[in-house]
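Analysis of the macromolecular model
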Amino acid sequence: MTPSLRFDGVIAGGGAAGFFAAITAAEAGAQVAILEKSSHVLSKVRISGGGRCNVTHDCPQARDLVTRYPRGGRALTGLFSRFGPAETIEWFARRGVRLHTESDGRLFPSTNRSETVIECLQSAARSAGVRLFTDHRVDRLHRAEGNTWSIETNRGVFSAPSVLLATGGCRMEGHPATSCGHRLNPPVPSLFTFHIEAPWVRGLSGLTVADAALAVAGVSLRERGPLLFTHQGVSGPVVLRLSAWGARSLHGQNYHFPLEVNWLPESHPQASLEQFLAKRHSAGGKSIRNDRPAVLPQRLWECLLELAGIPPDTRWARLARSDAQRLAQACHRTALQVQGKSMNKEEFVTCGGIPLDEVDLKTMESRIAPGLFFAGEALDIDGITGGFNFQAAWATGWHAGTAIAQRSLK
Ligand SMILES: Cc1cc2nc3c(=O)[nH]c(=O)nc-3n(C[C@H](O)[C@H](O)[C@H](O)COP(=O)(O)OP(=O)(O)OC[C@H]3O[C@@H](n4cnc5c(N)ncnc54)[C@H](O)[C@@H]3O)c2cc1C
């Protein structure tokens, strides 16, 4: 058992948000402890971005950045204008970690190793005097005398005037915040891939389409971008984004829903139809199989011909108007049935957690229980894939750490 210990701030959770908050508070002069329930800290940072850690995203304007958060949105504008990607880049640079930007805007350490980020956070915490207690699970919080929190763990009791819950994606049962009067928006997964059983889809596993537009009927969900066929269905940035924006509604449908795909989002269906009809004269002798729209991969084009019921060796000259209509329909409105989901290996998060209207977003302090703070995925904030989730962890951790230090100096 750890003997009863007192700090200026106790931080539950040794993840990205907890470390950032602890370092910020300790560098500003507060005595801080991190209590981590497992034997390892920063486990998600280690596996993040396929082992490379996508630290943030090149998105300098807070008003643009907030559009990447299905949960959070405009409420985060002030938070990110005080600590946005530029501040993240500078924070790591000051501690010797250079980040590089990839063509899609994602930033990674120049070593391309998440270990670099972990070493930086651990060494900054050590230098600032942060005390780390692994295998310490925070079970309960309650108010003790003199505006102090009593923090009960499986290994003893800690006390501090400020306590931060940076415990990551939540479970509904036994959450320490609910006993302090907070609600929890129920957790559901975000950033997942779609299962589609149609054999032609699975047969295209490994193929990418640079630009596809997806829509889910009935819930006004639409996204456009690169799509990847997998051995279970579809994935890629457009699918992950759709899954993030639809995390709650798709959960409500138990991940069984109709999906419509437009493989030629740059052109209008009527224009495609006219183009196919015109080819009956301009390219009448060519086999349709060998005359695909340039943006469509050959194997997908052959599948679309099959879906439209057109034998691939048909010449354009033999294409009936009804065939051309079915082909335009297949290119612009392929109907698929999603029958389940898988978590994306590169990045996934929990939608849900502490509602933002219960937190002061300038300090991350509870509006219900003074001296209680929140940061990271414990809050009902989550972003699309691309470094936005760590950006939220750094920003909320920094704000909470700053406020905890200021409180300790009062
Ligand atoms: C596979 C994967 C890859 C990812 N890649 C990226 C990426 O490249 N870029 C990006 O932006 N985001 C990525 N994410 C999302 C990102 O990792 C999270 O959003 C981020 O880690 C959240 O940080 P956090 O500190 O809030 O929570 P966590 O990292 O989950 O840390 C919470 C910590 O609290 C501990 N804890 C929980 N309950 C208690 C308790 N009661 N007492 C004490 N300790 C407790 C947990 O053990 C954990 O160590 C990825 C996620 C996954 C799963």
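Here the structure is a predicted model, which means the values were calculated and not measured.

**What to know about the domain arrangement of the chain**
Much of the literature gives interface size as the accessible area that the parts lose upon coming together. When the domains of the chain are assigned, the result is domain 1 (5–188 + 348–409) and domain 2 (192–343). Once you take the C-alpha centre of each, domain 1 and domain 2 turn out to be 40 Å apart. Counting residues at the interface gives 12 residues for domain 1, matched by 8 residues for domain 2. Carbon and sulfur atoms make up 71% of the surface buried where domain 1 meets domain 2, a total of about 900 Å² over both sides. Broken down residue by residue, the surface that domain 1 buries against domain 2 is led by Pro 70, Val 188 and Ile 384, which jointly contribute 46%. Counting the contacts that link domain 1 with domain 2 gives 0 salt bridges. Where domain 1 meets domain 2, there are 2 residue pairs in polar contact (both at pLDDT 80 or more).

**Description of the state of the cysteines**
What makes a disulfide is a covalent bond joining the sulfur atoms belonging to two cysteines. Considering all chains together, one arrives at 0 disulfides under this definition. Free of any disulfide, Cys 120 has its nearest neighbouring cysteine sulfur in Cys 53, separated by 10 Å. Classification of Cys 120 by relative accessible area gives buried; the value is 6%. Free cysteine: Cys 351, not disulfide-bonded; nearest cysteine sulfur from Cys 170 at 9.5 Å. Under the relative-accessibility criterion, Cys 351 is labelled buried at 0%.

**Remarks on the pairing of strand β6 (residues 106–109)**
Summarising the sheet, strand β4 (residues 56–57) and β6 pair through 2 bridges and their orientation is antiparallel. Its bridge partner being in β6, Thr 56 is matched across the sheet by Leu 107. Note: strand β5 (residues 99–101) against β6, 3 bridges, orientation antiparallel. Residue pairing in the sheet places Leu 99 in a bridge with Pro 109 of β6. Taking the residues that link successive antiparallel strands as the turn, the β5-β6 hairpin has 4 residues, and the phi of Gly 105 there is positive, at about 95°.

**Things to note about the sheet that holds strand β15 (residues 221–229)**
Taken in spatial order, the 6 strands close into a barrel running β13-β16-β15-β14-β17-β18, and their pairing is antiparallel. Within this sheet the neighbouring strands show an average axis-to-axis angle of 50°, counted without direction. Across 6 bridges, the pairing between strand β17 (residues 256–262) and strand β18 (residues 334–343) is antiparallel. Across the sheet, the residue bridging to Glu 260 is Ala 335, located in β18. In this fold helix α12 (residues 321–332) packs onto β17 and β18, with an angle of close to 115° to the strand it touches most, β17.

**Section: the site of the ligand**
Within the structure, the ligand sits among 30 residues, and Glu 36, Val 138, Glu 346, Glu 377 and Phe 390 are positioned closest to it. Between the ligand and the protein, one listed contact pairs a nitrogen atom with a backbone N or O atom of Val 138 at 2.9 Å. When the ligand is considered free in solution it has 1,000 Å² of accessible area, and contact with the protein chains removes 92% of it. Counting residues per element, the ones that place at least two in the shell around the ligand are α1 (16–27), α2 (43–51) and α13 (388–409). If you tally residues by element for the shell around the ligand, the top one is α2, at 4 residues. When grouped by side-chain class, the residues that make up the shell around the ligand number 10 nonpolar, 12 polar and 8 charged.

Parameters and conventions
Residues numbered from 1 in each chain as written. Predicted model: local features only at pLDDT ≥ 70, side-chain atom pairs only at ≥ 80, totals over all residues. Heavy atoms only, no water. Domains from an automatic or database assignment. Contact = heavy atoms within 4.5 Å. Buried area = accessible area lost by both parts, 1.4 Å probe. Salt bridge = Lys/Arg side-chain N within 4 Å of Asp/Glu carboxyl O. Polar contact = N/O pair within 3.5 Å; in protein donor to acceptor, adjacent residues only side chain to side chain. Disulfide = S-S within 2.5 Å. Buried < 20%, exposed > 50% of the residue type's maximum accessible area, 1.4 Å probe, protein only. Pairing = 2+ DSSP bridges. Helix = DSSP H or I, 4+ residues; strand = E, 2+ residues; numbered from the N terminus. Axes fitted to C-alpha atoms, helices over the stretch in contact; angles between N-to-C directions. Near = heavy atom within 4 Å. Areas by Shrake-Rupley, 256 points an atom, 1.4 Å probe, with all protein chains shown as cover. Nonpolar A, V, L, I, M, F, W, Y, C, P; charged D, E, K, R; others polar.

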